[in-house]
Each structure stands twice: as structure tokens, then as C-alpha cells.
Amino acid sequence: MSVGLVSPVTLHAQGSAADGITPEVLFTATCGACHTLDKATGQRLNRADWEWVMDDMESYGMIWLTPVQRESIVDYLVDNYGRNVPR
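Given the structure is predicted, the values throughout are model-derived calculations rather than measurements. (Residues numbered from 1 in each chain as written. Predicted model: local features only at pLDDT ≥ 70, side-chain atom pairs only at ≥ 80, totals over all residues. Heavy atoms only, no water.)

## Here we look at the overall build of the chain
A count of helical and extended segments in the chain gives 5 helices and 0 strands. N-terminal to C-terminal, the α/β element order of the chain is α-α-α-α-α. Counting contacts in the chain only where the partners sit at least 6 residues apart, residues at least 24 apart contribute 55% of the total. Accessible surface for the chain amounts to roughly 5,200 Å². Of this, 57% is attributable to carbon and sulfur atoms. (Helix = DSSP H or I, 4+ residues; strand = E, 2+ residues; numbered from the N terminus. Contact = heavy atoms within 4.5 Å. Areas by Shrake-Rupley, 256 points an atom, 1.4 Å probe, with all protein chains shown as cover.)

Here it is as C-alpha cells:
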């Protein structure tokens, strides 16, 4: 599956996953804007820890997400890369 390149600014302008942006695309564009995705997907964290990571990334300047987009990414991470998800 090819996700394509989407800038974080474009994601913010387009809205949320309800507007046709999938959580995977949000994650790929947002997290991939600053580092490799395996840095995130290799961690296997619980919801509270993923929320902390998002807070930490916001402190580094990731401020373009709406609250709905942020929650969508956290849900995606928990569902696909959470502590209890088999590898």
C-alpha cells in the first residue's frame, strides 16, 4: 500500500479522518515529518504512554494537529502498536 507524501500543514487544512484522512496517513505524515516511523512503531506503548509521547512531540513544535487528529493518531498507535498487540 502506498500512502504518498502529505505535509502536516495539508493535513491540518483538510481536517480529520472523518474528512477522508485515515489515521494511518495522519500518523505517517505527522510522525514521519521529523523521524523514521520505526522509531514510533517499535516502542509498543500503552495509551497513557502514547499520550505522553504526543505531549512531548508538541513541546518540540508538533502543534499543527487538531484535537480530533491527535486522538485519531493515538487510537491508531494503541490499536496497531500498543503494548498488547502481537508483533
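## Quick look at the packing of helix α4 (residues 47-59) against helix α5 (residues 67-81)
Where α4 contacts α5, the axes come no closer than 10 Å and their chain directions differ by 135 degrees. Considering the angle they form, α4 stands oblique to α5. Crossing angle aside, the handedness with which α4 passes α5 is right-handed. Within the contact between the two elements, α4 uses Arg47, Trp50, Glu51, Met54, Asp55 and Glu58 and α5 uses Arg70, Glu71, Ile73, Val74, Asp75, Leu77, Val78 and Tyr81. Residues that form the contact of α4 with α5 fall into these classes: 7 nonpolar, no polar and 7 charged. (Axes fitted to C-alpha atoms, helices over the stretch in contact; angles between N-to-C directions. Parallel < 35°, antiparallel > 145°, perpendicular 65-115°, else oblique. Left-handed = near helix turned anticlockwise from the far one by under 90°. Nonpolar A, V, L, I, M, F, W, Y, C, P; charged D, E, K, R; others polar.)

## A word on the layout of surface pockets
Taken as a whole, the largest pocket holds about 270 Å³ of empty space. Forming the walls of the largest pocket are 18 residues, and the residues nearest its centre are Cys31, His35, Val53, Met57 and Met62. Every element with two or more residues in the lining of the largest pocket is listed here: α2 (23-31), α3 (37-41) and α4. When residues of the lining of the largest pocket are assigned to their parent elements, the largest contribution, 6 residues, is made by α4. Looking at the lining of the largest pocket residue by residue, the class counts come to 12 nonpolar, 4 polar and 2 charged. (1 Å grid on protein atoms, 1.4 Å probe; cavity = no way out; pocket = protein on both sides within 12 Å on 5 of 7 lines; lining within 4 Å. Points joined across faces, edges and corners; volume = space filled by probe spheres on them.)

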